[in-house]
Amino acid sequence: MQNFTFINPTRIIFGKAVLAKLGPEAAKAGQKALLVYGRGSIKKNGVYDVLTGALEKEGITVTEHHGVKPNPVLSHVRSGIRKARENSCDLIVAAGGGSVIDEAKAIAAGVKYDGDVWDFFCGKAAIREALPIFTALTLPATGSEMNSGCVVTNEATAQKFSAQGPALFPRVSALDPETTMTLPRTQIANGAVDAIAHIIEGYFTTKDADAAVTDEIVHALARSVIDSTGRILKDRADYNARASMMWSATLALNGLATCGYGGMTFINHAIEHSLSALYDIAHGAGLALVIPAWFKHHLQTSGPARLEKFGAEVFGTSTAEEAIKAFEDFFRKTGAPVRLSEAAIPAEDIPRIAENAMGLIRLWGMKHEQPEIEKILGLAK
Ligand code: NZQ
Ligand code: ZN
């Protein structure tokens, strides 16, 4: 078990009808909120009314910044920064999925920075401060509601990069599983795959495979995501399954599932970000294409030990090959694509995808070269 520091300052308020509690929490931080949201789901499921009502009850003025797209883009972040400055916003409230929360985080940091916000994403500047962030999560997937990272696409350069810093931990996140009842099937699938991806990246790339407590957390979270997703797909109104899924996805990327691993990498994410940057594919769908292929590569280069252990604990399989198939079967069961062709991505594009992925691989300091990435993508044909 490697040395580690674990810190997570985000206050989570979880359960039915908790969103209104964000009002008094936000009032502790300021009086002028920038309300960041997407393209309308929060107006359909009642989240918008509850949230604006709760903020107004506390005397908080609300400036709206909506239209955040899945895979949020830099130009929209920049316009949010301008709006927050023009209206002297002193806090940010994000309502939606990971894209909304990520854009809110980028705005929160950008408002406090004299240079261009993209500097944070390409390693030119570190995030030192940010406006206080409050979130109402409506899509369990990314963990952004309880972590200090955000991902934005620079649409001019086709780079999907991340930025992070302790100032980006949301101050308070309200998680009401009932808000997830309106998710379409594709987003249920994307969320499940993304949560699984966060659970497995550290487990399979760790340099220290003797961190038993973290292994057990990983196994339990994976079982919970798989079981909850199965229940949700059978019965969309299953509140306890929705609740279990929501909390599992949060725990999957709040730092807990990698403590003690040391030296791990986020290779599947690095490759996926390239797919999202080039084809605007949903993050979860992109991961479903990459992960089974990467497992086949992992088996060839690192051997069967981790796949056998994970497979036995999570799927009840006996061999590494069976474990890879079980992952693929789970992704297929959710409806996610598991081959490039199923997402209409031509195999001839593999060198271009790998070249784009190398940008992030270098930025994240990972030791992979383009031929290896091309080989992995070749296994996804
Ligand atoms: O735009 P609206 O109308 O809100 O609709 C959204 C969007 O179309 C919809 N949606 C959200 N909640 C809903 C709902 N529809 C009905 N009912 C609800 N309750 O779902 C669509 C997708 O939303 P999005 O926020 O894009 O999905 P997700 O949460 O999967 O976020 C993906 C983004 O997060 C990044 C990804 O790369 C991607 O850009 N990630 C962020 C991470 C982080 N900050 O830690 C880590 C992840 O690995 C990931 O990279
Ligand atoms: Zn992810």
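Residues numbered from 1 in each chain as written. Chains lettered and ligands numbered in written order. Predicted model: local features only at pLDDT ≥ 70, side-chain atom pairs only at ≥ 80, totals over all residues. Heavy atoms only, no water.

### Brief notes about the site of ligand 1
Item 1. As a structural note, the neighbourhood of ligand 1 is formed by 33 residues, with G98, S99, D102, T138 and K160 the closest of them.
Item 2. Take H198: an N or O atom from its side chain is 2.8 Å from an oxygen atom of ligand 1.
Item 3. A distance of 2.9 Å separates an oxygen atom of ligand 1 from a polar side-chain atom of H269.
Item 4. Here ligand 1, which alone exposes 960 Å², has 90% of that area covered by the protein.
Item 5. For the shell around ligand 1, the secondary-structure elements that each account for two or more residues are helix 5 (98-111), strand 6 (149-154), helix 6 (185-205) and helix 9 (267-279).
Item 6. Built from parts of two domains, the shell around ligand 1 gets at least three residues from each of domain 1 (11-178) and domain 2 (183-378). (Near = heavy atom within 4 Å. Polar contact = N/O pair within 3.5 Å; in protein donor to acceptor, adjacent residues only side chain to side chain. Areas by Shrake-Rupley, 256 points an atom, 1.4 Å probe, with all protein chains shown as cover. Helix = DSSP H or I, 4+ residues; strand = E, 2+ residues; numbered from the N terminus. Domains from an automatic or database assignment.)

### As for empty space enclosed by the protein
Any empty space left between atoms is shown by rolling a water-sized probe over those atoms.
Item 1. Under the defined criterion, the tally for this structure stands at 2 cavities of 30 Å³ or more.
Item 2. When its volume is computed, the largest cavity comes out at roughly 90 Å³.
Item 3. Elements with a minimum of two residues in the lining of the largest cavity: helix 6, helix 7 (212-234) and helix 8 (239-252).
Item 4. Among the elements that line the lining of the largest cavity, the one with the most residues is helix 6, at 4 residues. (1 Å grid on protein atoms, 1.4 Å probe; cavity = no way out; pocket = protein on both sides within 12 Å on 5 of 7 lines; lining within 4 Å. Points joined across faces, edges and corners; volume = space filled by probe spheres on them.)

### Overview of the coordination of the zinc ion (ligand 2)
Item 1. Protein coordination at the zinc ion (ligand 2) comes from D194 (OD), H198 (NE2), H269 (NE2) and H283 (NE2), with a distance range of 2.0 to 2.2 Å.
Item 2. Donor residues binding the zinc ion (ligand 2) come from one chain and are separated in sequence as D-x3-H-x70-H-x13-H. In this pair, H198 is assigned in helix 6 and H283 in helix 10 (residues 283-302), connecting sequence segments 85 residues apart.
Item 3. Classification of H283 by relative accessible area gives buried; the value is 15%. (Donors = N, O, S within 2.8 Å, 3.2 Å for Na, K, Ca; no water. Buried < 20%, exposed > 50% of the residue type's maximum accessible area, 1.4 Å probe, protein only.)

### Considerations on the environment of G378
Item 1. One can find G378 in helix 14 (residues 370-378).
Item 2. Linking G378 and K105, residues 273 residues apart in sequence, is a C-alpha distance of 35 Å.

### Examining the environment of P184
Item 1. By secondary structure assignment, the location of P184 is in the loop between strand 8 (172-175) and helix 6.
Item 2. Each C-alpha atom, one on P184 and one on I217, is 29 Å from the other, the two residues being 33 residues apart in sequence.

### Considerations on the pattern of salt bridges
Item 1. Across all of its chains, the model carries 13 salt bridges by this definition.
Item 2. The shortest N-O distance in the salt bridge between R231 and D238 comes to 2.9 Å.
Item 3. The exposure class assigned to R231 is partly exposed, which follows from its relative accessible area of 35%.
Item 4. Assessed through its relative accessible area of 16%, D238 is described here as buried. (Salt bridge = Lys/Arg side-chain N within 4 Å of Asp/Glu carboxyl O.)

### Observations concerning the packing of aromatic side chains
Two numbers describe a pair of aromatic rings. These are the distance of the centres and the angle of the planes.
Item 1. Using the criterion set out here, one finds 16 aromatic pairs in the structure.
Item 2. Arranged with centres 4.6 Å apart and planes meeting at 45 degrees, the rings of Y113 and F120 form a pair that is tilted.
Item 3. Given a relative accessible area of 8%, F120 falls into the buried group.
Item 4. Both rings, one in W118 and one in F121, keep their centres 5.2 Å apart while their planes meet at 10 degrees; by these two values the pair is stacked.
Item 5. Among the aromatic residues, ring-to-ring pairing joins Y203, F204, W294, F295, F310, F315, F327, F330 and F331 into one connected group.
Item 6. The ring of Y48 has K43 sitting right over it, with the charged end atom 4.5 Å from the ring centre. (Phe/Tyr/Trp six-rings, centres within 6.5 Å; stacked < 30°, edge-to-face > 60°. Lys NZ or Arg CZ within 6 Å of the ring centre and 35° of its normal.)

### Focus: the packing of helix 9 against helix 13 (residues 350-363)
Item 1. One can describe the packing of helix 9 onto helix 13 by two numbers: an axis separation of 8 Å at closest approach and a directional angle of 120 degrees. The pairing of helix 9 with helix 13 is recorded here as oblique in orientation. Helix 13 is crossed by helix 9, and the crossing has right-handed handedness. For the pair helix 9 and helix 13, the contacting residues are I267, A270, I271, H273, S274, L275, A277, L278 and Y279 in the first and R352, I353, N356, A357, L360 and I361 in the second. (Axes fitted to C-alpha atoms, helices over the stretch in contact; angles between N-to-C directions. Parallel < 35°, antiparallel > 145°, perpendicular 65-115°, else oblique. Left-handed = near helix turned anticlockwise from the far one by under 90°. Contact = heavy atoms within 4.5 Å.)

### Looking at the nonpolar core
Item 1. Formed by 67 residues in total, the largest nonpolar core has its most connected members in I196, F295, F310, F331 and I373.
Item 2. Residues within four places of F331 in sequence aside, it is in contact with V193, I196, A288, I291, P292, A336 and V338.
Item 3. I81, V111, F121 and L131 belong to the second largest nonpolar core, which has 36 residues in total. (Core = buried A, V, L, I, M, F, W, Y, C linked by side-chain atoms within 4.5 Å.)

### Side note on the layout of surface pockets
Item 1. Taken as a whole, the second largest pocket holds about 300 Å³ of empty space.
Item 2. Together, 16 residues line the second largest pocket, and T205, K207, W294, S302 and H368 are the ones closest to its centre.
Item 3. The set of elements that each furnish at least two residues to the lining of the second largest pocket consists of helix 6 and helix 10.
Item 4. In terms of residue count, the dominant contributor to the lining of the second largest pocket is helix 10 (5 residues).
Item 5. Of the residues in the lining of the second largest pocket, the class split is 4 nonpolar, 8 polar and 4 charged. (Nonpolar A, V, L, I, M, F, W, Y, C, P; charged D, E, K, R; others polar.)

### A word on the domain arrangement of the protein
Buried accessible area, meaning the area lost when the parts come together, often serves as the stated size of an interface.
Item 1. When the domains of the protein are assigned, the result is domain 1 (11-178) and domain 2 (183-378).
Item 2. Measuring from the centre of the C-alpha atoms in domain 1 to the corresponding centre in domain 2 gives 26 Å.
Item 3. At the junction of the two partners, domain 1 supplies 29 residues and domain 2 supplies 30 residues.
Item 4. Together domain 1 and domain 2 conceal approximately 2,300 Å² of surface at their shared face, both sides included; 66% is due to carbon and sulfur atoms.
Item 5. The three residues of domain 1 that bury the most area against domain 2 are P140, K160 and P177, which together make up 25% of that side's buried surface.
Item 6. Counting every contact that joins domain 1 to domain 2 gives 2 salt bridges.
Item 7. A salt bridge links E272 to K160; the nearest nitrogen and oxygen atoms lie 3.8 Å apart.
Item 8. Run the count over domain 1 and domain 2 and you get 9 residue pairs in polar contact (both at pLDDT 80 or more).
Item 9. Breaking the side of domain 1 that touches domain 2 down by element, the ones donating at least two residues are strand 1 (11-14) and strand 7 (159-164).
Item 10. Ranked by residues supplied to the side of domain 1 that touches domain 2, first place goes to strand 7 with 4 residues.
Item 11. Taken together, the residues of the side of domain 1 that touches domain 2 break down into 15 nonpolar, 8 polar and 6 charged. (Buried area = accessible area lost by both parts, 1.4 Å probe.)

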